[in-house]
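What follows is each chain in one-letter form.
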Amino acid sequence: MNTEKVTARRLTGGEVSELGLQDSIFVSAETDDLPLDCYAPAFLTEPGKNFEGGSFVARTIFGTEIHVLPDNAEESGIWVADKAGEEIEVLQSAGVLLNLALFVPNGNKESLEALYSAARDAFGAGIVQRWSEETVAVPDVKVDLYEEPARGRKNTSSQNRDRRAMDIYPTRVRFLEPSDGWRFVVEPHKEMVDETPTI
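The structure presented is a predicted model; accordingly, all values stated were derived computationally and were not measured.

Colleague: Explain the pattern of salt bridges here, please?
Modeller: When their charged atoms lie close together, side chains carrying opposite charge are able to pair. Counting across every chain of the model gives five salt bridges. Glu89 is paired through a salt bridge with Lys5; the nearest N and O atoms lie 2.8 Å apart. One end of the pair, Glu89, is in strand 7 (residues 86-91); the other, Lys5, is in strand 1 (residues 3-10), with 84 residues separating them in the sequence. The class for Glu89 is partly exposed, based on a relative accessible area of 26%. Residue classification places Lys5 among the exposed positions, given a relative accessible area of 54%. Ionic pairing is found between Arg9 and Asp82, a salt bridge with its closest N-O pair at 2.7 Å.

Colleague: Just to check I follow, could you spell out the layout of surface pockets for this structure?
Modeller: A water-sized probe rolled over the atoms picks out the places where empty space is left. By volume, the second largest pocket amounts to about 500 Å³. Forming the boundary of the second largest pocket are 20 residues, of which Leu34, Leu36, Phe62, Leu91 and Gln92 lie nearest the centre. Among the residues forming the lining of the second largest pocket, the class breakdown is eleven nonpolar, eight polar and one charged.

Colleague: Before we go on, may I ask you to explain the packing of aromatic side chains in this structure?
Modeller: Remark: the centre distance and the inter-plane angle together describe each pair of aromatic rings, the angle taken between the planes. Taken as a whole and assessed by the stated rule, the structure comprises two aromatic pairs. Aromatic pair Tyr39 and Trp79: ring centres 5.7 Å apart, planes at 65°, arrangement edge-to-face. Of this pair, Tyr39 sits in strand 3 (residues 39-44) while Trp79 is found in strand 6 (residues 79-81), placing the two residues 40 residues apart along the sequence. Under the relative-accessibility criterion, Tyr39 is labelled buried at 15%. Trp79 sits in the buried class, given a relative accessible area of 7%. An angle of 65° between the planes, with centres 5.4 Å apart, marks the rings of Phe51 and Phe56 as edge-to-face.

Colleague: What am I meant to see in the pairing of strand 1 here?
Modeller: On any regular strand, side chains alternate: one points to one face of the sheet, the next to the other face. Relative to strand 7, strand 1 runs antiparallel, the two sharing six bridges. Across the sheet, the residue bridging to Ala8 is Glu86, located in strand 7. In terms of strand pairing, strand 1 meets strand 6 through three bridges, oriented antiparallel. In the strand pairing of strand 6, Arg9 is matched with Val80.

Colleague: Would you mind going over the nonpolar core with me for this structure?
Modeller: The nonpolar side chains of a soluble globular protein tend to be buried, and buried together. Ranked by internal contacts, the top residues of the largest apolar core, which has 15 residues, are Val16, Ile25, Val27, Leu44, Ala58 and Ile78. Broken down by secondary-structure element, the contributors of at least two residues to this core are strand 2 (25-28), strand 3, strand 4 (56-60) and strand 5 (65-68). With three residues, the top contributor of residues to this core is strand 4. Residues within four places of Val16 in sequence aside, it is in contact with Leu11, Leu44, Gly48, Phe56, Pro70 and Ile78. If you look at the next biggest cluster of nonpolar residues, it comprises seven residues, including Tyr39, Trp79, Ile88 and Val90.

Colleague: Would you take a moment to explain the environment of Lys5 for this structure?
Modeller: Each C-alpha atom of the pair Lys5 and Glu86 lies 9.6 Å from the other, and the pair is 81 residues apart in sequence. A polar atom in the side chain of Lys5 sits 2.8 Å from the side chain of Glu89.

Colleague: What's the story with the pairing of strand 5 in this structure? I'm lost.
Modeller: Of the two faces of strand 5, only the one carrying Ile66 and Val68 is buried; Glu65 and His67 on the other face are not. Of the pairings in the sheet, the one linking strand 4 to strand 5 comprises four bridges and is antiparallel in character. Each residue of the ladder has a partner; that of Phe56, found in strand 5, is Val68. The loop that links strand 4 with its antiparallel partner strand 5 comprises four residues; one of these, Gly63, has a positive phi angle of about 90°.

Colleague: Whenever I open this one, a nonpolar patch on the surface confuses me. Can you help?
Modeller: A surface patch of nonpolar side chains, about 560 Å² in accessible area, is lined by Val96, Leu98, Leu100, Leu102 and Leu115. In this fold, Leu98 is placed in the loop between strand 7 and helix 2 (109-123).

Rules and cut-offs
Position numbers for residues start from 1 in each chain and track the written sequence from start to end. Only residues with pLDDT of 70 or above have their local features reported here, since the model is predicted, and side-chain atom pairs are shown and tallied only from 80 upward, although totals for entire chains, interfaces and linings are computed over all residues. Only hydrogens and water are set aside when side-chain values are computed; all heavy atoms of the structure are taken into account. In what follows, salt bridge is the name for a side-chain nitrogen of Lys or Arg lying within 4 Å of a carboxyl oxygen of Asp or Glu. Strands here mean DSSP runs of E at least two residues long; helices mean DSSP runs of H or I at least four residues long; both are numbered from the N terminus. The buried label goes to any residue with under 20% of its type's maximum accessible area, the exposed label to any with over 50%, and the partly exposed label to all in between, with areas taken from a 1.4 Å probe on protein chains only. A cavity, in this analysis, means grid points on a 1 Å lattice covering only the protein atoms where a 1.4 Å probe fits yet has no way out; a pocket is instead an open set bounded by protein on both sides within 12 Å along at least five of seven lines, and a residue lines either one if it has an atom within 4 Å of a point. Grid points are joined across faces, edges and corners, and a volume is the space filled by probe spheres set on the points. Each residue gets one of three labels, nonpolar for Ala, Val, Leu, Ile, Met, Phe, Trp, Tyr, Cys and Pro, charged for Asp, Glu, Lys and Arg, and polar for the others, Gly among them. Two aromatic rings, drawn from Phe, Tyr or Trp (for Trp, its six-membered ring), form a pair once their centres lie within 6.5 Å of each other, and the interplanar angle then sorts them: stacked below 30 degrees, edge-to-face above 60, tilted otherwise. DSSP calls a pair of strands paired once it identifies at least 2 bridges connecting them. Grouping buried Ala, Val, Leu, Ile, Met, Phe, Trp, Tyr and Cys residues that are joined through side-chain atoms within 4.5 Å yields what is termed a nonpolar core. The contact criterion used throughout is that any non-hydrogen atoms of two residues lie within 4.5 Å. Two N or O atoms count as a polar contact when they lie within 3.5 Å, although within protein this holds only if one can serve as hydrogen donor and the other as acceptor, and sequence-adjacent residues are included solely when both atoms are side-chain atoms. Within this analysis, patches are made of residues with over 30% relative accessible area and no salt bridge. Like charges are joined at 9 Å or less; nonpolar side chains (Val, Leu, Ile, Met, Phe, Trp, Tyr) at 5 Å or less. Per-residue accessibility takes into account occlusion by the displayed protein chains alone, with areas from the Shrake-Rupley method and a 1.4 Å probe.

No statement about biological role is implied by the geometric values presented.
Following this line, the structure appears as structure tokens:
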């Protein structure tokens with residue numbers, strides 16, 4: 001586990017209420033699944049003045065939300081970097097977790113093993129791990145994936161409707177979610193042809 005020593009001081013509830021979304025803070029790195037005795041870099045989920053009742057919600061850089069009562073002596077509290085403070089252990093952001101969906105043309109076991117070996121060679125044998133693996137046969141075709149409002153306007157042609165291009169490979173649709181109020185539309189891929197006259 002990579003940690004670093006940071007000089008910081010603990011904030012009172014009143015001081016936290018003056019913080020904004022851009023202010024960098026430190027909160028407990030402990031989660032329900034992982035009892036860590038150190039801190040994690042974090043930010044408030046909304047300006048401190050918006051919270052009532054003394055409880056603040058912070059989101060760590062690792063995506064965990066934590067509810068904190070700064071004035072509760074039994075909790076680890078909220079800390080901010082301060083050279084006049086005391087040393088605390090802060091968990092470093094040491095890596096990135098990638099969820100990959102790989103399309104391998106004519107994919108077979110040998111080609112998948114070659115991909116895995118190449119990744120291990122590039123990043124280290126102890127670093128690259130396969131947590132779950134699902135192999136699905138997919139057609140080697142391209143599609144146009146769009147998002148459009150879930151409640152489409154009546155009597156509008158497909159050329160005029162609101163839409164935004166998302167992707168061109170059907171296999172990735174399974175790993176995406178439409179935006180709120182939008183739905184996915186999948187159509188056969190059409191190459192864009194620029195018919196603008198040139199001189």
